[in-house]
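Chain by chain, the residues:
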Amino acid sequence: MPQELRSVGRRIVVVGASGSGKTTLARRLAERLGCPHVEVDALHWGPNWTPIPLDEFRSRVDQATAGDRWTCDGNYSKVRDLTWGRADTLVWLDYRLPLVLWRLLRRTLRRIARREALWNGNRESFRTQFLSRHSLFLWALQSHGRHRREYPRVLQRPEYAHLTVIRLRSPREAEA
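Everything quoted here is computed from the prediction, not taken from an experiment.

### Let's talk about the sheet that holds strand β4 (residues 89–93)
Spatial strand order, β2-β3-β1-β4-β5: 5 strands in an open sheet with parallel pairing. Strands with a single pairing partner mark the edges of an open sheet, and in this sheet they are β2 (37–39) and β5 (164–168). Across the sheet, the mean angle from the axis of one strand to that of its neighbour is 20°, orientation sign disregarded. The sheet contacts of helix α7 (residues 136–155) involve β1 (11–16), β4 and β5, and relative to β4 the element is tilted by about 165°.

### Considering the environment of alanine 117
Position of alanine 117 relative to the elements: it lies in the loop between α5 (97–114) and α6 (126–131). Those residues in contact with alanine 117, other than ones at most four positions away along the chain, are Asn122 and Arg123.

### Examining the nonpolar core
If you look at the biggest cluster of nonpolar residues, it comprises 22 residues, and the most contacted ones within it are Phe57, Trp84 and Leu90. Elements with a minimum of two residues in this core: β1, α2 (40–44), α3 (54–64), β3 (70–73), α4 (80–86), β4 and α7. For this core, the leading source of residues is α7, giving 3 residues. Those residues in contact with leucine 90 that sit more than four places away from it in its chain are Val13, Val15, Trp84, Leu155, Leu163, Thr164, Val165 and Ile166.

### Looking at the environment of isoleucine 112
Its location among the elements puts isoleucine 112 in helix α5. Separated by 53 residues in sequence, isoleucine 112 and serine 59 place their C-alpha atoms 31 Å apart. Residues in contact with isoleucine 112, not counting those within four places in the same chain, are Glu124, Ser125, Phe126 and Phe130.

### Focus on a nonpolar patch on the surface
There is a patch of nonpolar side chains on the surface, built from Leu109, Phe126, Phe130 and Leu131 and spanning about 400 Å² of accessible area. Per element, the largest residue contribution to the nonpolar patch is 3 residues, and it comes from α6. Topologically, leucine 131 is positioned in helix α6.

### As for the pattern of salt bridges
Two side chains bearing opposite charge may form a pair once their charged atoms approach each other closely. Scanning the entire structure with this criterion turns up 13 salt bridges. Ionic pairing is found between aspartate 81 and arginine 58, a salt bridge with its closest N-O pair at 2.8 Å. Placement of aspartate 81 in helix α4 and of arginine 58 in helix α3 is noted, with a sequence separation of 23 residues between them. Relative accessible area serves as the criterion here: at 41%, aspartate 81 is assigned to the partly exposed category. A residue is classified by how much of its surface remains accessible, and arginine 58, at 25% relative accessible area, is partly exposed. Aspartate 94 is the partner of arginine 148 in a salt bridge, and the nearest nitrogen-oxygen pair spans 2.6 Å. Within this pair, whereas arginine 148 is found in helix α7, its partner aspartate 94 is found in the loop between β4 and α5, the two being separated by 54 residues in sequence. Judged by relative accessible area, which is 31%, arginine 148 ranks as partly exposed. Within the structure, one salt-bridge network assembled from shared partners comprises Asp94, Arg148, Arg167 and Arg169.

Here is what the cut-offs are and how they apply
- Residues numbered from 1 in each chain as written.
- Predicted model: local features only at pLDDT ≥ 70, side-chain atom pairs only at ≥ 80, totals over all residues.
- Heavy atoms only, no water.
- Pairing = 2+ DSSP bridges.
- Helix = DSSP H or I, 4+ residues; strand = E, 2+ residues; numbered from the N terminus.
- Axes fitted to C-alpha atoms, helices over the stretch in contact; angles between N-to-C directions.
- Contact = heavy atoms within 4.5 Å.
- Core = buried A, V, L, I, M, F, W, Y, C linked by side-chain atoms within 4.5 Å.
- Buried < 20%, exposed > 50% of the residue type's maximum accessible area, 1.4 Å probe, protein only.
- Patch = residues over 30% accessible without salt bridge, like charges linked within 9 Å, V, L, I, M, F, W, Y side chains within 5 Å.
- Areas by Shrake-Rupley, 256 points an atom, 1.4 Å probe, with all protein chains shown as cover.
- Salt bridge = Lys/Arg side-chain N within 4 Å of Asp/Glu carboxyl O.

Here it is in structure tokens:
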């Protein structure tokens, strides 16, 4: 294991706005640390963008995070007790909204142009992402400020006092 990663925990959860790079960072950390990567979106979404029933979703996350070493990414409050509760390190990608929206735009256009299959065969579409109330851009606009207000408060709760919190405010900090 590289020297600079020795101080990072064994169970790492990466949170941040949609499009901030949670999955990319969590995957890179998993590769560098030699541990499994859990993409929580993959456990949440069924075919045709249908959310998995809550009890099944929680069971999937429970199983995926039962080991002693993993990285995961996702902001799902309905499994926060599992992901944050079991993690020893939380990495928060707290980027400015314009940067998040730019990254989300690039990712979305790439996925649409390449018709990239996501979880369970789901694909993003121009109509859904730009012309509907299910748009990730709308979600990012609605959730960015809420997360910035909510996370510091939630992290003060006794059940999360064990977490080492790493708040990164730029991609340069994340790369370092």
